[in-house]
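The lines below spell out each chain.
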Amino acid sequence: MSDGQTYVADFLTNFRRKHEAEPEFIQSVEELVNSLGQLLDARPDLRSAGVLERITEPERSIQFRVTWVADDGSVHVNRGYRVQFSSVLGPYKGGLRFHPSVNLSILQFLGFEQIFKNSLTGLWLGGGKGGSDFDPKDKSDAEIMRFCQAFITELANYIGPDTDIPAGDIGVGSREIGYLFGWYKKLANEFHGSLTGKGTDWGGSNLRPEATGYGLLYFVDAMLRHRGDSMTGKSVVISGSGNVAQYAAQKAIEFGAKVLTMSDSNGYIIDNAGIDTAKLATILRIKNNDRGRIKQYLDFYPDAEYYEGSRPWKVAADIYLPCATQNEIEIADAQAMVANKPLLVAEGANMPTTPEAVTALQAAGILFAPAKASNAGGVAVSGLEMAQNSMRTAWTLEVVDDRLKEIMQNIHDKCAKHGASNSKYSSNTGSDIDYVSGANISGFLRVADAMLSQGIF
Ligand code: NDP
């Protein structure tokens, strides 16, 4: 083994020992570090400065009690968190997730990923993530508001427009950002860009709701164009029916692709005629206005089919876009996909594909775009929202869309540069681009070089 590989192996052994109760965090660190052997061989300065040891330890993790009162007067206690992972490239930046599964391991994995995703955007953004084990499902609007106010009352002590700027994630959409921002503004007695994802008529950026889904499709489009191909006529399988999935579907339809499926945590629908713009509007009404379930699609389009308790990965398609949650593509799912000979899989959700599944897809020659590259559009437009807030201005939809396209193309090109078989630090020996190692090497290098410049601390 080379020096770099030995260093990586020793590092991972120690890391796994230290974090044995945090499987998601281990998974995300392994995913990054396994791409870095050749880079660390060539750059002993990164090894001697302890860059890996430092970047895998959050600068600060905050955990706090959130007490709120339900409509029936009962008292509830949840746990709130903010992992302020790295401020090397800018103020901590990353979403808040409200979901019963939230714990420190999941937030550390998400915060860790966020560092390199934000790095890839080329903007001045550090990495962080937060949230709560609060379950917004079946809560009244007033309960959601009281919870958000209790949550931000504590978090307000640690955030600010130049310190840490949270945004939405699973369970935190524009409604929750509104309640969080309103109460934060009251506590701080200041109106500034301390959260992103705000309404466009009170400080939000045009295109922020659409940005992750649109950005995903701009990335996929760039992958296809790089091979002289296009989205036109391609069949697309999408999981999820939340923010990312909805706008991924919308942009895929605009590109002339045929969207076959969408899902939620109960099951998936398949519409072999294709989900067109009108049908997608129905899904948005069901999910966003009525807070309903995806199976209600069949009330409007009875020719579609619904599969309870299943994921859509057995459905044959050219393109798979997992847009729901982490580890939703396991090895058996990947094998089912491989049998369908798709062109590519691009992650809309964060870490939706298990490492074994990624290996199986890549071994079968299927192009694979990792989340830190392909879903960076959301945080990129959050960065643009911060810029607009600082300038006290609002850019038009066209301006933001052009910036988003440019950022996603640049991310693609960085992945292509560092993930090609002839690239300096990649171990890729195949003929196609290895987007995983390209994204990891490129995202890491910018952070690591900035760490070296800023000294040891
Ligand atoms: P939403 O809450 O809007 O939607 C999440 C969707 O995923 C819902 O359809 C939900 O179904 C489904 N889902 C959630 N948990 C599970 C599960 N365990 N199994 C199956 N389906 C599930 O979230 P977003 O669309 O904002 O986020 C989706 C993913 O994208 C997350 O991984 C998030 O971290 C990532 N992401 C989001 C960004 C953004 O800008 N919003 C930016 C970058 C990444 P149900 O309705 O049943 O809960």
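The following paragraphs examine the structure supplied in this document. None of these values were measured; they are calculated from a predicted model.

Within the chain, the secondary structure is distributed over 18 helices and 12 strands. Relative to the 2.2 N^0.38 estimate, which gives 23 Å for 457 residues, the radius of gyration of the chain is 21 Å and therefore close to what a compact globule would have. Each of the 457 residues in the chain was classed as buried or not, and the buried ones make up 58%. In the chain, the share of contacts with a sequence separation of at least 24, taken over all contacts with a separation of at least 6, comes to 70%. A total accessible area of about 18000 Å² is found for the chain, and carbon and sulfur atoms account for 49% of it. Taking the average location of the 44 positive side-chain charges in the chain and that of its 54 negative ones, the two points are 3 Å from each other.

In this section: the packing of helix H2 (residues 23-33) against helix H6 (residues 104-121). It is the contact of H2 with H6, at a shortest axis distance of 6 Å, that shows an interaxial angle of 25°. Looking at the two axes, H2 sits roughly parallel to H6. Contacts between H2 and H6 involve Pro23, Glu24, Phe25, Ser28, Val29, Glu31 and Leu32 on the former and, on the latter, Ser105, Ile106, Gln108, Phe109, Phe112, Glu113 and Phe116. The class makeup of the residues in the contact of H2 with H6 is 8 nonpolar, 3 polar and 3 charged.

This structure, assessed with the given rule, holds 0 disulfides. No disulfide involves Cys323; its sulfur sits 17 Å from the nearest other cysteine sulfur, which is in Cys415. Its relative accessible area of 0% is what places Cys415 among the buried residues.

An ideal rise of 1.5 Å per residue puts 27 Å on 19 residues; helix H9 (residues 208-226) measures up with 26 Å between its terminal C-alpha atoms. Maximal helix bending in H9 amounts to about 30°, located at Tyr214. Just downstream of H9 lies Gly228, where phi reads positive at about 75°.

A few words on the pattern of salt bridges. With the rule as written, the count across this model stands at 24 salt bridges. Linking Asp3 and Arg47 is a salt bridge whose minimum nitrogen-to-oxygen distance equals 3.8 Å. Within this pair, whereas Asp3 is found in helix H1 (residues 3-18), its partner Arg47 is found in helix H4 (residues 44-48), the two being separated by 44 residues in sequence. Of the charged contacts, one joins Asp333 and Arg311 as a salt bridge, the two residues approaching to 3.3 Å between their closest N and O atoms. Here Asp333, found in helix H13 (residues 331-339), pairs with Arg311, found in the loop between strand S9 (305-308) and strand S10 (319-322); they are 22 residues apart in sequence, far enough to count as distant. Several salt bridges share partner residues, and in doing so they unite Glu31, Glu113 and Lys372 into one network.

Within the fold, Ala360 resides in helix H14 (residues 355-363). As for Ala360 and Glu330, which are separated by 30 residues in sequence, their C-alpha atoms are 10.0 Å apart.

Moving on: the sheet that holds strand S4 (residues 127-132). Read across the open sheet, the 5 strands follow the order S1-S2-S4-S3-S5; overall the sheet is mixed. Every other strand in the sheet has two partners, leaving strand S1 (60-69) and strand S5 (164-167) as the edge strands with one partner each. Strand after strand, the sheet turns through a mean of 20° between neighbouring axes, direction not considered. In terms of strand pairing, strand S3 (residues 92-98) meets S5 through 4 bridges, oriented parallel. Among the inter-strand pairings, Gly95 is bridged to a residue of S5, identified as Ala167. Across the sheet, H6 touches strand S2 (75-86), S3 and S4, and the angle it forms with S4 is around 150°.

To continue, consider the site of the ligand. By nearness alone, 24 residues border the ligand, and Asp169, Thr212, Ser265, Arg293 and Asn350 come closest of all. At 2.9 Å, a side-chain N or O of Arg97 approaches an oxygen atom of the ligand. Here Val244 contributes a backbone N or O atom positioned 3.0 Å from an oxygen atom of the ligand. With the chains in place, 81% of the 890 Å² that the ligand exposes on its own is no longer accessible. Taken together, the residues of the shell around the ligand break down into 5 nonpolar, 12 polar and 7 charged.

Contact pair H1 / H2: the axes reach a minimum separation of 11 Å and the direction vectors enclose 175°. As far as their axial angle goes, H2 and H1 are roughly antiparallel. Residues Val8, Phe11, Leu12, Phe15 and Arg16 of H1 touch H2, and the partners they reach there are Phe25, Ile26, Val29, Glu30 and Val33. Taken together, the residues of the contact of H1 with H2 sort by class into 8 nonpolar, no polar and 2 charged.

At Asp138, a residue that is not glycine, the phi angle is positive and equals roughly 65°. Residue classification places Asp138 among the exposed positions, given a relative accessible area of 81%. A positive phi angle, near 50°, is found at Met351, a position not held by glycine. Checked against the element boundaries, Met351 lands in the loop between strand S11 (344-346) and H14. Here Met351 falls in the buried class, since its relative accessible area comes to 6%.

On to a nonpolar patch on the surface, then. Nonpolar side chains collect at one region of the surface, where Val69, Val75 and Val77 lie side by side and expose about 260 Å² of accessible area between them. By the secondary structure assignment, Val77 is in strand S2.

Attention shifts here to the nonpolar core. By size, the foremost hydrophobic cluster in this structure holds 61 residues, and its most contacted members are Phe219, Met231, Ile238, Leu321 and Ile411. Ranked by residues supplied to this core, first place goes to H9 with 9 residues. If sequence neighbours within four positions are ignored, Ile411 has contacts with Leu120, Thr121, Phe219, Ala373 and Ala376.

Our focus in this paragraph is the side chain of Thr212. Relative to the helices and strands, Thr212 resides in helix H9. We classify Thr212 as buried; its relative accessible area is 9%. Among the polar contacts listed, one links the side chain of Thr212 to the backbone nitrogen of Gly378, at a separation of 3.4 Å. Excluding residues within four positions of it along the chain, Thr212 makes contact with Val244, Gly348, Asn375, Gly377 and Gly378.

The rules we used
Residues numbered from 1 in each chain as written. Predicted model: local features only at pLDDT ≥ 70, side-chain atom pairs only at ≥ 80, totals over all residues. Heavy atoms only, no water. Helix = DSSP H or I, 4+ residues; strand = E, 2+ residues; numbered from the N terminus. Rg over C-alpha atoms; globule rule 2.2 N^0.38 Å. Buried < 20%, exposed > 50% of the residue type's maximum accessible area, 1.4 Å probe, protein only. Contact = heavy atoms within 4.5 Å. Areas by Shrake-Rupley, 256 points an atom, 1.4 Å probe, with all protein chains shown as cover. Lys, Arg positive; Asp, Glu negative; His and termini not counted. Charge placed at Lys NZ, Arg CZ, Asp CG, Glu CD. Axes fitted to C-alpha atoms, helices over the stretch in contact; angles between N-to-C directions. Parallel < 35°, antiparallel > 145°, perpendicular 65-115°, else oblique. Nonpolar A, V, L, I, M, F, W, Y, C, P; charged D, E, K, R; others polar. Disulfide = S-S within 2.5 Å. Expected span 1.5 Å × (residues − 1). Bend = angle between axes of the 7 residues up to and from the residue. Salt bridge = Lys/Arg side-chain N within 4 Å of Asp/Glu carboxyl O. Pairing = 2+ DSSP bridges. Near = heavy atom within 4 Å. Polar contact = N/O pair within 3.5 Å; in protein donor to acceptor, adjacent residues only side chain to side chain. Patch = residues over 30% accessible without salt bridge, like charges linked within 9 Å, V, L, I, M, F, W, Y side chains within 5 Å. Core = buried A, V, L, I, M, F, W, Y, C linked by side-chain atoms within 4.5 Å.

Without other data, these values stay purely geometric and don't point to any function.
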